[in-house]
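Now for the letters of each chain:
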Amino acid sequence: MAGRMAFLTTPRAERARRDARERLGDWREVYRPGTPLPLVSGQAARCMDCGLPFCHAACPLGNLVPEWNRLTADGDWRAAAARLLATNNFPEFTGRLCPAPCESACVLAIDGAAVAIKNVELAIADRAWAEGWDRPQRPERPEPGGRVAVVGSGPAGLAAAQQLTRAGHATTVFERADRPGGLLRYGIPPFRLEKHRLERRLDQLRAEGTEFRTGVWVGRDVTAEQLRSGYDAVVVAVGAGAHREPGVPGCGLAGVHPAMEYLTWANRVDEGDRACSPLSAEGRRVVIIGGGDTAADCLGTALRQGAASVTQLDINPCPPERRGAGQPWPVHPKVYRETTSHEESGAVLEGAVLEGEAADGGAADRAEVPDGCGRAFEAVTVGFEPGPDGRLAAVRVAAAELVGRGPRAGTERVLPAELALFALGFTGPEPDQPLFAQLGLGIGPEGTLERDDGFGTAVDGVFVAGDAGRGQSLIVWAIAEGRAVAAAVDRHLRGRTELPAPVRASARALVL
């Protein structure tokens, strides 16, 4: 038995990463393979097994964190895997991609280092695959079910499909791309999620009975009328692909692109599409506009492609190292975080920053960015400038005012750049998708598809799940919505359900 007071005697330890310079030479995951199990068990033993587990409440999936922590600490890995898989269809994804709001809500995080919940989860998930514990599950005595179409194969669509198939419904997933997976395939770089892990999970869904139809754009290749006539229920889980624009002069220049367009090309090349990508950063000076995970993914990708320099601009002030008075426990705080991509950029050049004199009057001095990566906070993009060939030649930036975030007078400077990527987030699904009009789905004022609290729409038998209805969110919210919408569809088709529904459509993360 693990010691019950380990949280007082055992310091927090993270999963070991490969050397940053080594990582830049390939596209493999950043972690060292083969995490020592005693290390993980020791970290799991730090769990206090609280009477009121806030980590459990902070996770939209309702993961039974204290239970599988204790089982792991006691060496019962198979039982820990069963507890984990009871609430999470894809823990090998969340263990790699989720920012872990559960750790922010850990009681130990009030004044110290939280339990390494994410690392323990990932170790359990990987061992479950290695030991053959995470097997395909087909209904033993399936009741007569319905035919369900799921439009979209991101984490919400995949979770919904798996739950429905396991409940005995004939489920078909439609994906307009050539391969299933959504952002898990074409949005997340392989150094964060190697695609063989996605393929392994897709093979499991197929073995359970889920059918995939790729290269099919529902609304164009298959009409809504055809979909409704062939299926008893439809789940729309198309994600949030409508990106925010910078809204400054020069956005239409060649060389200025949305981050997701760039990441999609990079992932396609990694998937084996060896055609020359028009968006490669090789040999180019790159400016990334945005401070979130997508921007960091662009940074890591550009460094691996051999960019001449990379500068990341974040309009927000540099956050504090620890949560402040305005971000009390147990909310997930906005604090300074260095991603693996920033760690890699530091290996190229430590502490690269924007340099050069501020503009005096109209013309700005052109400030060369040193080779490597500069990360600038409180930096606002003013415009994009063309060169003689009409392509992007420079990005005009300025210091951002703390109130209003506009450019501060007298601080403009120009960064030479041949490639600019904006990663400013997403508002909802692409509004011009023909499926929405054909089904009669409404788009609300926030740009997301309208639905009720049970994921249903004004159209009987049509449901909306994931970012298409919630807006841009975390992978754990997408999986939770996929599980919940499956329960709603099951109830619609059978009049009752035994499937878990971890969230309502109106549920939101705890924020101030």
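Further up the page is the structure itself.
Residues numbered from 1 in each chain as written. Predicted model: local features only at pLDDT ≥ 70, side-chain atom pairs only at ≥ 80, totals over all residues. Heavy atoms only, no water.

Visitor: Looking at this structure, I do not really get the layout of surface pockets. What am I missing?
Guide: Remark: the empty space left among the atoms is shown by a probe the size of a water molecule rolled over them. In this model, the second largest pocket occupies a volume close to 750 Å³. Listed by contribution, the elements that provide at least two residues to the lining of the second largest pocket are α6 (77-87), α10 (155-166) and α19 (475-494). Looking at the lining of the second largest pocket, its residues break down into nine nonpolar, seven polar and 13 charged. (1 Å grid on protein atoms, 1.4 Å probe; cavity = no way out; pocket = protein on both sides within 12 Å on 5 of 7 lines; lining within 4 Å. Points joined across faces, edges and corners; volume = space filled by probe spheres on them. Helix = DSSP H or I, 4+ residues; strand = E, 2+ residues; numbered from the N terminus. Nonpolar A, V, L, I, M, F, W, Y, C, P; charged D, E, K, R; others polar.)

Visitor: Help me understand the packing of aromatic side chains in this model?
Guide: Given two aromatic rings, their pairing is described by the distance between the two centres and the angle made by the two planes. A complete count under the given rule lists five aromatic pairs for this structure. With 5.9 Å between their ring centres and 85 degrees between their planes, F174 and Y231 make a pair best called edge-to-face. You can see F174 sitting in strand β2 (residues 170-175) and its partner Y231 sitting in the loop between α13 (224-230) and β4 (233-236), a full 57 residues away along the chain. The pair formed by F174 and Y231 is uniform in burial state, with each residue classed as buried. Between Y336 and F377, the aromatic rings sit 6.4 Å apart at their centres with planes inclined by 55 degrees, giving tilted as the arrangement. Remark: F377 occurs in strand β9 (residues 372-377) and Y336 occurs in the loop between β8 (309-314) and α16 (340-348); sequence separation between them is 41 residues. Assessed through its relative accessible area of 22%, F377 is described here as partly exposed. Over the face of the ring belonging to F191 we find R304, whose NZ or CZ atom lies 3.9 Å from the ring centre. (Phe/Tyr/Trp six-rings, centres within 6.5 Å; stacked < 30°, edge-to-face > 60°. Buried < 20%, exposed > 50% of the residue type's maximum accessible area, 1.4 Å probe, protein only. Lys NZ or Arg CZ within 6 Å of the ring centre and 35° of its normal.)

Visitor: Sorry if this is basic, but what is going on with the packing of α10 against α19 here?
Guide: What describes two packed helices is the angle between their axes and the distance between those same axes. In contact at an axis separation of 7 Å, α10 and α19 are set at 35 degrees when each is read in the N-to-C sense. In this structure, α10 meets α19 at a crossing whose hand is right-handed. Two secondary-structure elements touch here, α10 through P155, A156, A159, A160, Q163 and L164 and α19 through I475, A478, I479, G482, R483, V485, A486, V489 and D490. (Axes fitted to C-alpha atoms, helices over the stretch in contact; angles between N-to-C directions. Left-handed = near helix turned anticlockwise from the far one by under 90°. Contact = heavy atoms within 4.5 Å.)

Visitor: Just checking my understanding: could you explain the sheet that holds β2 for this structure?
Guide: In any sheet, the strands associate via hydrogen bonds between backbone groups, in a parallel or an antiparallel arrangement. An order of β3-β2-β1-β4-β15 is seen for the five strands of this open sheet, with the pairing classed as parallel. The sheet is open, and its two edges are formed by β3 (211-214) and β15 (462-464), each paired on a single side. The average angle at which neighbouring strand axes cross in this sheet is 20 degrees, direction not considered. Of the strands in this sheet, β1 (147-151), β2 and β3 touch α10, which is tilted by about 165 degrees from β2. (Pairing = 2+ DSSP bridges.)

Visitor: Where do I start with the pairing of strand β11 (residues 392-399) in this structure?
Guide: The side chains of a regular strand alternate between the sheet's two faces. With respect to burial, β11 is a largely interior element, seven of its eight residues being buried. One ladder, built from seven bridges, connects strand β10 (residues 379-386) with β11; its direction is antiparallel. Of the residues in β11, the one forming a bridge with V380 is A398. Counting the residues between successive antiparallel strands, the hairpin from β10 to β11 contains five residues, one of them, G390, with a positive phi of roughly 85 degrees. In this sheet, strand β12 (residues 413-416) lies alongside β11 in antiparallel orientation, the contact comprising four bridges. Across the sheet, residue V397 finds its bridge partner in β12, namely R413.

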